[in-house]
Every structure is written in C-alpha cells, then in structure tokens.
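# Observations on the three-dimensional arrangement
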Amino acid sequence: MTNGAPLQSLLSEKRYDLVESAFQDALSDPAGKAETLLAAVRGLARAGQKARLQSVAAAAEAALKKESSDPAVARLRWAILKEAVRAGATPSTPDGFHRLFEEALAAAWPNRPSLVALLGRFKFREAKDPADGLGRAEKAEKWLPFEVGRVFSMAGRGAGKVVETNFALDSVRVDFEAAKGIAIPIGVASKNLAPLAEGHFLFEKFTAPEALRAQVIDDPGAAMKRLIESFGRTMTMSEVKEAVKGLISEDAWTSWWAAARRNPQVVVHGSGRKATVEWSGSADAADANLLARFDKAPLKDRLELFRKNQKRSTDLAISMAKALAKDAEELEDRDPALAFEIAVLVEKFPGVALAGAVERHVLERPLALLPRLQDRAIRERALEVIVKEKPAEAPAILAEWFFKEEDSRTIEAIDRSLAEIDPDTRERTLEKLTKSPRSGPRAFVWFAQRSAQDEAFRARLNPPVLTRLLDALTWDELGAARSKVREMFDRTGLVAGWLVKQATVEEARVFLEALTRHQELEPHRRDGLLAAAEMRFPDLRKTDDDTFFVTAGAIEAKRKELENILKVEIPENTKGIAIAAAEGDLTENFEYKARRDKQQLLSARAGKIQEELGKARALDPATVDTTEVRPGARVTLKGGVTEKTVTLLGPWDSKPEERIYSYLSDLGKALLGKTVGEKANVLGESLVIEKIESWK
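Quick summary incoming for the structure in this document. (Residues numbered from 1 in each chain as written. Predicted model: local features only at pLDDT ≥ 70, side-chain atom pairs only at ≥ 80, totals over all residues. Heavy atoms only, no water.)

Moving on, we come to the nonpolar core. Across soluble globular proteins, you tend to see nonpolar side chains buried next to one another. In this structure, F340, V346, F402, L469, F489, F511 and L529 are the most contacted members of the largest nonpolar core, which totals 88 residues. The biggest single contributor to this core is helix 17 (residues 314-331), with nine residues. Discounting chain neighbours no more than four positions away, the residues touching L469 are F444, A448, V485, M488, F489, L494 and V495. Counting 35 residues, the second-largest nonpolar core is a separate cluster that includes A531, I570, A606 and V624. (Core = buried A, V, L, I, M, F, W, Y, C linked by side-chain atoms within 4.5 Å. Buried < 20%, exposed > 50% of the residue type's maximum accessible area, 1.4 Å probe, protein only. Helix = DSSP H or I, 4+ residues; strand = E, 2+ residues; numbered from the N terminus. Contact = heavy atoms within 4.5 Å.)

What follows is the structure, encoded as structure tokens:
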C-alpha cells in the first residue's frame, strides 16, 4: 500500500506511478511482501505498462540478486523475472539475457546438477530473445524437480525414487516401496509427486527402513513426533497408519497406536479412521489445548473427549470430570438416563462427589430408568447401585427387571446378585421363568444355555420345560436368538444330552409325544432326538414293526443295493422276460418261467429293503451313552488272562470275524444295559466289563 491506498485500488485508478512506488517500498522486505511484489508486476502487465514493467523488473533484479542466498527470495526473483518476460519486458545484463536467466534459475533451484545439461538439451543458448529464452528455460525447469535419485511421496503409493527420466515419452520412472518402475507422465508428476527432503520420515523409511523400524518400535511417541513434524501439519489416523505401514506389522498396529497416543504431547481429535492427531510443544500445552476444546464443545463431544483423554493426566481428567458432573446435575430431570450415564463415567475421580448424588437421585424410579440405559455396563452399574442404596427393595426390582433384560450377560449378573442377597426370591424367579417362559423370552434362552453347562440348572429340566423350549422356536420376539434355541435340539445339544443322560423312560416318552406335535423343528433334528431316546431306551418304541439301529454307512449300502435292484436288475430282467416271451409257446418256455420267478424275487427283495430302511435309525457316535452298554458301544472285557474287545452295532453291520456283532444278537443282548465292573457271559465265557466307549 501507498499512503494507505490498497494496491488494487491504485491499479484500478491507473495511478501507476504510485504502484511503482509501492513496488519499490515492498523491495525492502521481499520475503514478507512477496505477494505485493508479484501483484504489482501482474497488474502493470495487464495494464500494458511495458516501460514501467521494464523498470520494476530491473529494480527487482538489482535488489533481489543480492539476497538470492535466501531460497524464498531466490524463487521470488525468478518468478518476477518470468512474469515480466511473459508481459513483453526484455530484462538483460551486460552479459546478455542468457546469463541473467541462468543465474536466476540456478538460484531458484540450487544444488541441481542436471540444470546445465537440461538447458543444453533444450538449446537455451540458441534462444534469440528473452521470450524464446524463457520458453526454453521453463522446459528445462519442468524436469529439474525430478532428477534421478530424488525421493518423493505419492498418495496411495508412499515413498519412491526417480530412476529414469524419459524425454521422448515425457515421463519419469519411479521405484516405489511396493511397486518398481512405475511410469508417470511429467504433468501428473508435477501435481502428485511431493518432494521429500533428507530427514523426512518417509525419506528415511524409503532409504533406511531398518534403522527407522527400530526407532518406531522402540519409542512410538517419539516416532509420532518425528512423523508429524516431517509433514508439518495435523495428520489423520489413516495417514499415520499408511506412514508406518511396513515398519510395523498389521497385527501390531493397534497396540502401537495405543502406545503412541499415550505420549502426553500427542493430542487426538475425533475417533475412527477420520481421527486427527497433532503434536503439542509440551504435555501441559497439550492438556491446555484439550481442555479449551472440551470447554467449548457440545455435550456429546465433551463425553467423547473425556473418554479418549481421561488417562492423559490426573489433573486434566478431574477438570473434565467435574464439568461433566455439573452437566449431569442439570440433566437429572430432563434426561435422567444420560445424567446417570455421565455420573457413572466420572464417579471414580476424586473431588466429584456430585456424581454419587446424581446416581441416587435418578434411581428413585429405577424400573422407569433401566429401559432407557442402552449401554449394558451402565445398566449393570445401575443394578449395583440399586442393591447398595435400596437393599430392602432391591430383590423385587432385580426380579422384575430379570424378565425384561435383553442381554444374557446382564441376566447372568442379576441371577448372581439375587443368589447372594435373596436366594428365596431367586428361586421363585427361576420357577416363574420355567413355568411362564414367555414372560422373559431372553431370560428363558439364557436359562436353557446355562442348563447345558450347570448341573443345578440342568436338574430343573423336564418334559414341560423342554416342550416350552420347542414353543420358543416360534417366538418372533426372540429374533436371531431363535437360531440358538434351534441348536439346542441338535444331536449333541442340550435336549439330546437330557434324553441320553437324565430323562426317565416315561419323561422321554412324554417329550417325544410333544415332539411329534411340533412342526417347527427340521426332520433331521427330530430324527436325531428320536434316535438318542431309542439308544437310551431300546424298548421305548417297540411295536410289531420295530425300529433298529445301524451305522450310516450300512444304511447307505442298503440304499445302493435297493437302487441297483430297481434301476439295473429289474429293468434288465424285464427285457429278458420280453425276449423269452417272443419265442412263443410259454408252457414249454423254461427261460420265460425262470425270468418271471426272478422278477418276483427281485420285487420282494426290493420291498423288504424299503421296509427295513423305513425302520432303520442311524447310530450317532456323538450321542452314545458310555455309562452303560448301548448300541454303538465298544466294550472291553477281561477274565483271567483273557481280554476281548467287542463292538455292538446294527444287524447290517455285523462282522463276527472282526468282533463286530449286532446288538440284537444273543451276545449283544447279554451285554446291553450292563455297566463297567459287571459280569457278562460272552461266547461261553464269564467276563468282566473293563471299559465302555463309543465305537468311533
């Protein structure tokens, strides 16, 4: 400015003399007033003031040449010279414009060994005038940043080194960390390759990765400082992760990030991949910065800041906690759930007694508050406070909430608490649950899951309870939890275990009758439960058409035999009958009669196999009860010096030569139902049962 008038106003008013004066004034501080100097040159150029432009360009060259050791001034000198020449000025020196351009360009791009060669390549010395010379110089300048050996970074590729310049293809070839020899057009390179100076984190990562890796692993906080200072700005978590990629493994990233952010000078804002991280000059400065942001932030952000930074320092955490406690107090009536959540968050910090008062106040109506507490841990804390502050009312409150709770972990915590403070209420609660499970569907699923692991819960199982578990398969309110209920009816699930190890024959019969009435359970699960019951109680379903057990392999073999009869033997015999019949005089046709007899035998055989397949049940090694001899058991017997091992499978599996017998054979019947230690008559010998195990 001159006399207080902005430069643009002087240009608009065509007061070019004052513009020239403003330019001369700005030359006294070229680095600080670079924009003014360039704006003046461009303004005079647009106005066509060539004479004045020639004058200011000469003045700039005289003044700035003396300070060209300053890189910023040297770049400004070259920029002004280019603007002036483009506008028609013809700056020169006694040695000619060539020498002037070479000196200015060399000062703007110091330590560039390729400069002389590039100027020669574009025949700079053959330029006839400054405008032609500038065009050739700028062609050379375009390649100057990308000398072979220079290191750059590129978004998405990381650091890389120029290994070749290809003037014919107008491109540079770069070796990146993960990809070598990538050709990049020079125009793209100018926009997307960022130069890396020696000492920059990414430069060291590319040129000396092992040394940097050791530093990064040994001191994550110091590595974070170096990284952020290299970039000179706040970085996102994604950028940080990309920068250390290859220095630490993917598996180690989470722990490394946690260790780095624990440094008191690291300040993290936000969460997730979009979180930003900055380096503060000191731990105190970082805390002050965070507290200032905390004070100005809306409540949601204050909570996030507190959660993420409460472990930075005790003083910072206490300051934030006290402020949040006051927020909770103000919310007691308007939003008691949020007030309670905040109080729980800050209650452990010294000097925040207000949090306890808030907790007690908002829990005056606990059953109204609990449904509004979305966080499971917060609900459990509320239940703890209820037990502590309302000991007389707590059992009834916990028992009522037990049926409304959705999370199995909290249901478990309620059951545990009731067992401690009022066992009678707990007993009544569990009894109500087993009799009226739909009053607490999620609690009923929890009960069933506990029954698979806890003997005391399993003792409560009986046909009515398991029938209600079948009903639960149709309860829409269970949502995805119905799949867990369905798994309880698998061959190795809760119900099969109850049938094999716990149920009486009458209980098994009652449950199986209920099972036949339910259509929600898939056939393979229903058949598996039926097989489990029959293995425990072989007489359970004895009728005139008894079912029997065989291995799945034997069933498959029978099916293949049936298929062969129906699809191969019968069709072939049918053709034979037709051929024999074509020979005439059936009364004397022996071939015809033989074929007819065979057809009857084949049909009878097929019918018998089909009937037997309908009665066969597959033995499941996973459900064999080894507490006593049952179908599917391998039994070790001893008597004196004699030791025998026999396996009881189905009638289709019998191989006496391999000591595999049908459980329906005399030997099988002599062993069924016996336990370890009992005697049995086996093949004429009196032997003692030493061990019972599944055949697989």
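Here we come to the packing of aromatic side chains. What the rule picks out here adds up to 18 aromatic pairs. Here the aromatic rings of F122 and F167 are separated by 6.3 Å at their centres, their planes lie at 80°, and the arrangement is edge-to-face. Residue F122 is located in the loop between helix 7 (115-121) and helix 8 (130-143), and its partner F167 is located in the loop between strand 2 (158-166) and strand 3 (171-176); the two are separated by 45 residues in the primary sequence. Consider the rings of W498 and F511, whose centres lie 6.1 Å apart with planes at 75°: the pair is edge-to-face. In this pair, W498 is assigned in helix 29 (residues 494-501) and F511 in helix 30 (residues 505-517), connecting sequence segments 13 residues apart. Pair check on accessibility: W498 and F511 agree, each one buried. (Phe/Tyr/Trp six-rings, centres within 6.5 Å; stacked < 30°, edge-to-face > 60°.)

Read across the open sheet, the five strands follow the order 4-3-2-1-5; overall the sheet is antiparallel. Edge positions in the open sheet fall to strand 4 (182-185) and strand 5 (194-195), since each of these has one partner strand only. Of the strand pairs in this sheet, strand 1 (residues 151-154) and strand 5 are connected by two bridges, and their pairing is antiparallel. By the bridge assignment, S153 is partnered in strand 5 with A194. (Pairing = 2+ DSSP bridges.)

Okay, the environment of L196 next. Here L196 lies in the loop between strand 5 and helix 10 (201-207). The class of L196 is buried, set by a relative accessible area of 9%. Separated by 158 residues in the primary sequence, L196 and L354 place their C-alpha atoms 54 Å from one another. Setting aside chain neighbours within four positions, we find L196 in contact with V151, F152, S153, A159, L202 and F203.

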